Amino acid sequence: MKTEHFRKKLEAEKTRLESEMGTVGRPNPRVPNDWEPIPSEEGTEADQADQADVFMSREGNAAILADLEARYDTVLEALSRIEKKTYGKCEVCHALIEEARLEADPAATTCRAHL
Ligand SMILES: [Zn+2]
């Protein structure tokens, strides 16, 4: 198992997700490790420059942020499995997850048989 290789991929994805979340949300000051959508009128300058995004409402940001956060949590969980030395095992049958599958999604939690 090339755990170090997958750890690097996960770390890279975590960094990318954090910067993406930063364009539609901001850390929630009331809830640690939670993010809240930026209201559209405060949107990033890049978004405001593009009038096509005029419909990018707070709801739009919230939906995008929810998707990013879900993936972010999945990536964090995968990184914590590396710490706990349980990374790369199918959570259903405990067999090793195929490396090709981890290559496609390093945060995969199940083997191909248990998609
Ligand atoms: Zn399995």
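Now for a description of the structure that goes with this document. The structure displayed is predicted, hence computed values, not measured ones.

What counts and what doesn't
Along each chain, residue indices are assigned from 1 in the same order as the chain's sequence is written. Under the rules for a predicted model, residues below a pLDDT of 70 receive no local features and side-chain atom pairs below 80 are neither given nor counted, while totals for whole chains, interfaces and linings still include all residues. The basis for every side-chain value is the complete set of heavy atoms in the structure, and neither hydrogens nor water enter the calculation. For Na, K and Ca the donor cut-off is 3.2 Å, while for other metals it is 2.8 Å, and in both cases only N, O and S atoms qualify; water is not among them, so sites may look incomplete. When four donors show all angles between 85 and 135 degrees the site is tetrahedral, when four or six donors have opposite pairs over 155 degrees and all other angles between 65 and 115 it is square planar or octahedral respectively, and in every other case it is irregular. Counting from the N terminus, the helices are DSSP H or I runs at least four residues long and the strands are E runs at least two residues long. Think of it in three bands: with a 1.4 Å probe and only protein chains considered, a residue is buried below 20% of the maximum accessible area for its type, exposed above 50%, and partly exposed in between. The criterion for an aromatic pair is that two Phe, Tyr or Trp rings (for Trp, the six-membered ring) have centres within 6.5 Å, with stacked assigned to planes under 30 degrees apart, edge-to-face to planes over 60 apart and tilted to the rest. To qualify as a nonpolar core, a set must consist of buried Ala, Val, Leu, Ile, Met, Phe, Trp, Tyr and Cys residues joined through side-chain atoms within 4.5 Å. Any two residues whose heavy atoms approach within 4.5 Å at even a single point are treated as in contact. For this document, the term salt bridge refers to a Lys or Arg side-chain nitrogen within 4 Å of an Asp or Glu carboxyl oxygen. To estimate the expected span of a helix, count its residues, drop one, and scale the result by 1.5 Å. The arc in question is traced by the directions running from the helix axis to the C-beta atoms.

We now examine the coordination of the zinc ion. Around the zinc ion, the protein supplies C90 (SG), C93 (SG), C111 (SG) and H114 (ND1) as donor atoms, at distances of 1.9 to 2.3 Å. Seen from the zinc ion, its 4 donor atoms lie at angles of 98 to 115°, and the figure they make is tetrahedral. Mapping the donors of the zinc ion onto the primary sequence gives the spacing C-x2-C-x17-C-x2-H. Of the two residues, C93 sits in the loop between α3 (58–83) and α4 (99–104) while C111 sits in the segment after α4, which places them 18 residues apart along the sequence. Overall, the relative accessible area of 36% leaves C93 in the partly exposed class.

Taken as a whole and judged by the stated rule, the model has 1 aromatic pair. Both rings, one in F6 and one in Y87, keep their centres 6.2 Å apart while their planes meet at 45°; by these two values the pair is tilted. With a gap of 81 residues between them, F6 in helix α1 (residues 3–24) and Y87 in the loop between α3 and α4 connect regions that are remote in the sequence.

Another aspect to go through is the nonpolar core. With 20 residues, the main nonpolar core has L10, M21, Y87 and L102 as its most contacted residues. Among the secondary structure elements, those contributing two or more residues to this core are α1 and α3. Among the elements that make up this core, the one with the highest residue count is α3 (7 residues). Ignoring any residue separated from it by four or fewer positions in sequence, one finds L10 in contact with V75, A78, L79, I82, Y87, P106 and A107.

Looking now at the pattern of salt bridges. Considering all chains together, one arrives at 11 salt bridges under this definition. Across the pair E18 and K14 runs a salt bridge whose closest N-O atoms are separated by 3.8 Å. With E18 and K14 both in helix α1, this residue pair falls 4 residues apart, about one helical turn. Taking relative accessible area as the criterion, E18 reaches 29% and is therefore assigned partly exposed. Judged by relative accessible area, which is 22%, K14 ranks as partly exposed. One network of salt bridges, in which partners are shared, links E13, R16, E20, R71 and D105.

Moving on, we get to unusual backbone geometry. Notably, K85 is not glycine yet its phi reads approximately 60°, a positive angle. Residue position: K85 is located in the loop between α3 and α4. Despite not being glycine, H94 has its phi angle at roughly 65°, a positive value. Mapped onto the fold, H94 is located in the loop between α3 and α4.

The next thing to look at is α1. Side chains that are three or four residues apart share a direction in an α-helix, a result of its 3.6 residues per turn. Between its terminal C-alpha atoms α1 stretches 31 Å, which fits the 32 Å expected from 22 residues at 1.5 Å a residue. Of the positions making up α1, those classed as buried are F6, L10, E13, L17, M21 and V24. Seen along its axis, α1 keeps its buried residues to an arc of 75°; they face one direction. In α1, those exposed residues whose orientation departs by more than 90 degrees from the buried face are K8 and T15.

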